[in-house]
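Chain and residue survey
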Amino acid sequence: MAMTADFDTAEPYRLNPAVALRPESFGALAYHFGNRRLTFLKAPELVELVRDLGRHPTAGAALTHVPEERREACRRALASLAATDMIIPWRGGTGVQP
């Protein structure tokens, strides 16, 4: 799948500043104010991962905080979120989100 080929877990990512997360019982709704896209994050662990993504030096480092049996599913979800501009590459390099 092309969208996962472009997602490199060795790179840093963060939640796009144009995206708002709204907590829901199933996880969260992510709304992109720029492209008006609405995405369902259907697992609380994915919501936590996306919310904290910019605090880690790489996406792979952030994934180590997800239970091993769920990492591949979360990696695919991150790839999909990157392909839709919900998360973006982050070149801040400090591990501390602005």
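Another aspect to go through is the packing of aromatic side chains. What the rule picks out here adds up to 3 aromatic pairs. Ring centres 4.7 Å apart and planes at 40° place the aromatic pair Phe7 and Tyr13 in the tilted group. Assessed through its relative accessible area of 7%, Tyr13 is described here as buried. With a centroid separation of 4.8 Å and 85° between ring planes, the pair formed by Tyr31 and Phe33 is classed as edge-to-face. By relative accessible area, Tyr31 is classed as partly exposed at 27%.

This part takes up a nonpolar patch on the surface. A grouping of Phe26, Leu38 and Phe40 is seen on the molecular surface, where their side chains present a nonpolar patch of about 280 Å² in accessible area. With respect to the helices, strands and loops of the structure, Phe40 is situated in strand 4 (residues 38-41). In this structure Phe40 comes out as partly exposed when scored by relative accessible area, which is 48%.

Time to look at the sheet that holds strand 2 (residues 19-24). The sheet built from 3 strands is open, its strands ordered 2-3-4 with antiparallel pairing. Either end of the sheet is taken by a strand with one partner, and the two such strands are strand 2 and strand 4. Sheet twist, expressed as the average angle between the axes of neighbouring strands with direction ignored, equals 20°.

Examined against the element boundaries, Thr84 turns out to sit in the loop between helix 4 (68-83) and strand 5 (87-89). Of the polar contacts made by the side chain of Thr84, one reaches the backbone oxygen of Ser80; its length is 3.1 Å. Discounting residues that sit within four places of it in the chain, Thr84 has contacts with Asn35 and Arg37.

On to helix 4, then. A rise of 1.5 Å per residue sets the reference length of helix 4, with its 16 residues, at 22 Å; its end C-alpha atoms lie 23 Å apart and thus fit the reference within 8%. Here helix 4 has its buried residues at Cys74, Ala77, Leu78, Ala79 and Leu81. Taken from the residues just after helix 4, Asp85 is the one with a positive phi, measuring 70°.

The rules behind each value
Residues numbered from 1 in each chain as written. Predicted model: local features only at pLDDT ≥ 70, side-chain atom pairs only at ≥ 80, totals over all residues. Heavy atoms only, no water. Phe/Tyr/Trp six-rings, centres within 6.5 Å; stacked < 30°, edge-to-face > 60°. Buried < 20%, exposed > 50% of the residue type's maximum accessible area, 1.4 Å probe, protein only. Patch = residues over 30% accessible without salt bridge, like charges linked within 9 Å, V, L, I, M, F, W, Y side chains within 5 Å. Areas by Shrake-Rupley, 256 points an atom, 1.4 Å probe, with all protein chains shown as cover. Salt bridge = Lys/Arg side-chain N within 4 Å of Asp/Glu carboxyl O. Helix = DSSP H or I, 4+ residues; strand = E, 2+ residues; numbered from the N terminus. Pairing = 2+ DSSP bridges. Axes fitted to C-alpha atoms, helices over the stretch in contact; angles between N-to-C directions. Polar contact = N/O pair within 3.5 Å; in protein donor to acceptor, adjacent residues only side chain to side chain. Contact = heavy atoms within 4.5 Å. Expected span 1.5 Å × (residues − 1).

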